[in-house]
Amino acid sequence: MDINLFSPVKLGSNNLLNRLVMAPMTRLRAIDSIPQPMMATYYAQRASAGLVITECTMVSPLSQGYMNCPGIYSLEQIQGWQQVTDAVHSAGGKIFIQLWHCGRISHSSLLGGKQPVAPSAIAAVGELHTPIGKVAMETPRALEKHEIIEIVEQFRLGAENAKVARFDGVELHGA
């Protein structure tokens, strides 16, 4: 059997035209966390890959780690992503959404003044661009057990919203 990168492959229920996968790359082109038409153009231009995986996509307002990051938790975001998935599908491609929660890689100025949350209260080393300028990442607050269940539910809802937005699948960001 002769298999190469350009031969078709089945991934779950998806028939991919080839074995090339565009890895998620954080583009940060959303406005107010809503995907924009330029994002539909960007992803459609890459639809010849067997599979396109989107940039990191927030599962809640408190999962933001970067400015201009798209979300998938509101109707407006779902509608914005529908423009993207429709463009990719029209170009013959398949597209998965990458769902994420940034955890400790954040700052309160990105989270409406709320402290970032993470498994432990250990600060990441580095700086972020925020609405108030470039700042050091803050020490997060350790999640409480009930909050873990809430975040799992946010990921579940993100996956449900991805279905509504006509994505072909979901990738979970594992940071």
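Further up the page is the structure itself.
Residues numbered from 1 in each chain as written. Predicted model: local features only at pLDDT ≥ 70, side-chain atom pairs only at ≥ 80, totals over all residues. Heavy atoms only, no water.

Novice: Can you walk me through the packing of aromatic side chains in this structure?
Specialist: Aromatic rings considered in pairs are described by the distance between their centres and by the relative angle of their planes. In total, this model carries 4 aromatic pairs according to the counting rule given. Ring geometry for Y42 and Y43: centres 5.0 Å apart, planes at 80 degrees, overall edge-to-face. Residues Y42 and Y43 agree in their burial class; the two are buried. Linked through ring pairs, Y42, Y43, W81 and F167 together constitute an aromatic cluster. (Phe/Tyr/Trp six-rings, centres within 6.5 Å; stacked < 30°, edge-to-face > 60°. Buried < 20%, exposed > 50% of the residue type's maximum accessible area, 1.4 Å probe, protein only.)

Novice: How should I be thinking about the sheet that holds strand β4 (residues 51-58) in this particular structure?
Specialist: Sheet strands line up and pair through hydrogen bonds in the backbone, either parallel or antiparallel. Strand order across the open sheet formed by 4 strands is β3-β4-β5-β10, with parallel pairing between neighbours. The outermost strands of the open sheet, each flanked by one partner alone, are β3 (21-22) and β10 (169-172). Inspection of the sheet shows strand β5 (residues 95-100) paired to β10 by 4 bridges, in the parallel sense. Its bridge partner lying in β10, Q98 is registered against E171. Most of the contacts of helix α2 (residues 75-90) go to β5, to which it runs at about 150 degrees, and overall it touches β4 and β5. Relative to β5, helix α3 (residues 145-164) is tilted by about 160 degrees, and along the sheet it contacts β5 and β10. (Pairing = 2+ DSSP bridges. Helix = DSSP H or I, 4+ residues; strand = E, 2+ residues; numbered from the N terminus. Contact = heavy atoms within 4.5 Å. Axes fitted to C-alpha atoms, helices over the stretch in contact; angles between N-to-C directions.)

Novice: When you look at the nonpolar core in this model, what are you seeing that I'm missing?
Specialist: Taken as a class, soluble globular proteins show a tendency for nonpolar side chains to be buried jointly. Within the largest apolar cluster, 23 residues are counted, with the highest numbers of intra-cluster contacts made by Y43, I72, W81, V84, I95, I97 and F167. Within the residue set of this core, elements represented by two or more residues are α1 (37-44), α2, β5 and α3. Sequence-distant contacts of I72, that is, excluding residues within four places in its chain, are made with T57, M58, Q77, I78, W81, I97, L99, G158, N161, A162 and A165. (Core = buried A, V, L, I, M, F, W, Y, C linked by side-chain atoms within 4.5 Å.)

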